Amino acid sequence: MRLAETPAQDGFHMPGEFEDQAASYMIWPERPDNWREGGKPAQKAFARLAETIAQFEPVTMLVNQDQYNHARASLSPAVRVVEMSSNDSWMKDCGPFYVVNDAGDIRAVDFQFNAWGGLLDGLYFPWDKDNQIGKKVADLQEFPVYEVAAVLEGCAIHVDGQGTLIATESVVLSEGRNPGGLTKADAEKIFHDYLGVTKTIWLPEGYFMDETNGDIDNMLNFVAPGEVVLTWTDDTSDPQAEISEDAYERLAVATDARGRHFKIHKLQTPRVLTLSEAEANGVDPINGMLPRVAGQRLTASYVSYITTNQAILMPIFDDPQDAVAHEQLAALYPTRQVVDVPATEILTGGGNIHTIAAGVPGHHTGGK
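Residues numbered from 1 in each chain as written. Predicted model: local features only at pLDDT ≥ 70, side-chain atom pairs only at ≥ 80, totals over all residues. Heavy atoms only, no water.

### What about unusual backbone geometry?
Consideration 1: Residues Phe125 and Pro126 are joined by a peptide bond in cis, for which omega reads -5 degrees.
Consideration 2: Topologically, Pro126 is positioned in the loop between α4 (118-121) and α5 (128-141).
Consideration 3: Backbone geometry places Glu142, a non-glycine residue, at a positive phi of 60 degrees.
Consideration 4: You will see that Asn213, though not glycine, has its phi angle at about 85 degrees, which is positive. (Helix = DSSP H or I, 4+ residues; strand = E, 2+ residues; numbered from the N terminus.)

What follows is the structure in structure tokens.
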């Protein structure tokens, strides 16, 4: 069912990722011009993540027709496999947003998706199947849908569920996503109308050399309202240091929608990771995808973790800093188990584990 009003008009808002969650959705990777060796190593990494999430909540894997049998055989019965067409495998970015009301009803919000920048600076073409994922998944879930003409990806924003949204200007205001680009006022009206946001905090840019233009999910995450973890490095020779310092200074003086100052926890990055020659050469150079080049920096960030009701799934990179980040998150989430998830293979495709799994809110009463 397509809805005529906006979520704000109907009393709905977007919840925080730390709030009650009922399920996760993922998309099976197979693009040979993005994933090396025909996607086989990535498929193993995605399967491992899906099985890990399935220990805590139901998981649905969406898969193209030609990979259905392979995906079904590669995954345990704990993971539901559903045939659904896609161009690539970034479920958090191309899937539906969700909004809830005080009665616990859930509705979906379908923004447009154009591969992080369309024909101007997007990462692949075509993206038409990915742009249909939001509507298709909402229909599968039997949630009513609000449709939005603007382009916005799930990883472009973080919300606290209490009216606060944090985003980067480099992503949301980019000209490639919306022709001519959005103004801050344009974006904030969209956030208010469709996500129930009353306060937007802007950071200029995201993680250094993030090919999405700098999605917020590699920069920070909400632990709770008024409390965030921030990507950090003490290595002043790393360009990321200046970006993180600027973000810290802005957040330190900002207040959220309820007037609170932020408690900010710095989460050190691992060593700088780059794409190896073997990894780059394993990608098929097919026209339509941003080329993979040996030596390009990967967006290795611990804040790109997945929050479920019982666990924090934290990306690890075979680095000594993995254990430090694990201890920090365990202290920040005392009621949740912190589970390490090897993520280097996922980085080679341009994202992190937060980008490939989309959580669905829990405790709804249907809302149809």
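### Quick word on the environment of Ala167
Consideration 1: Topologically, Ala167 is positioned in strand β8 (residues 164-168).
Consideration 2: Considering only alpha carbons, one finds Ala167 and Trp202, 35 residues apart in sequence, at a separation of 5.3 Å.
Consideration 3: Discounting residues that sit within four places of it in the chain, Ala167 has contacts with Ala156, Ile157, Val172, Ile201, Trp202, Leu203 and Ile216. (Contact = heavy atoms within 4.5 Å.)

### Quick word on the environment of Leu75
Consideration 1: With respect to the helices and strands, Leu75 occurs in the loop between α2 (68-74) and β3 (79-83).
Consideration 2: When its relative accessible area of 6% is taken as the criterion, Leu75 is described as buried.
Consideration 3: Spatially, the C-alpha atoms of Leu75 and Trp116 are 29 Å apart, while their sequence positions differ by 41 residues.
Consideration 4: With residues near it in sequence (within four places) discarded, Leu75 still touches Trp28, Ala47, Ala50, Glu51, Met61 and Val81. (Buried < 20%, exposed > 50% of the residue type's maximum accessible area, 1.4 Å probe, protein only.)

### Describing the pairing of strand β5 (residues 106-112)
Consideration 1: With 7 of 7 residues buried, β5 lies mostly within the body of the structure.
Consideration 2: When strand β4 (residues 97-100) meets β5, the two strands line up antiparallel, connected through 4 bridges. Counterpart to Val100 in the pairing with β5 is Ile106.
Consideration 3: Between β4 and β5, which pair antiparallel one after the other, the connecting turn spans 5 residues, and Gly104 there sits at a positive phi close to 90 degrees.
Consideration 4: Across 4 bridges, the pairing between β5 and strand β6 (residues 145-151) is parallel. Bridging across to β6, Asp110 finds its partner in Glu147. (Pairing = 2+ DSSP bridges.)

### Some details on helix α1 (residues 40-54)
Consideration 1: The terminal C-alpha atoms of α1, which comprises 15 residues, lie 21 Å apart, in line with the 21 Å expected from a rise of 1.5 Å per residue.
Consideration 2: Those residues of α1 not exposed but buried are Pro41, Ala42, Gln43, Ala45, Phe46, Ala47, Leu49, Ala50, Thr52 and Ile53. (Expected span 1.5 Å × (residues − 1).)

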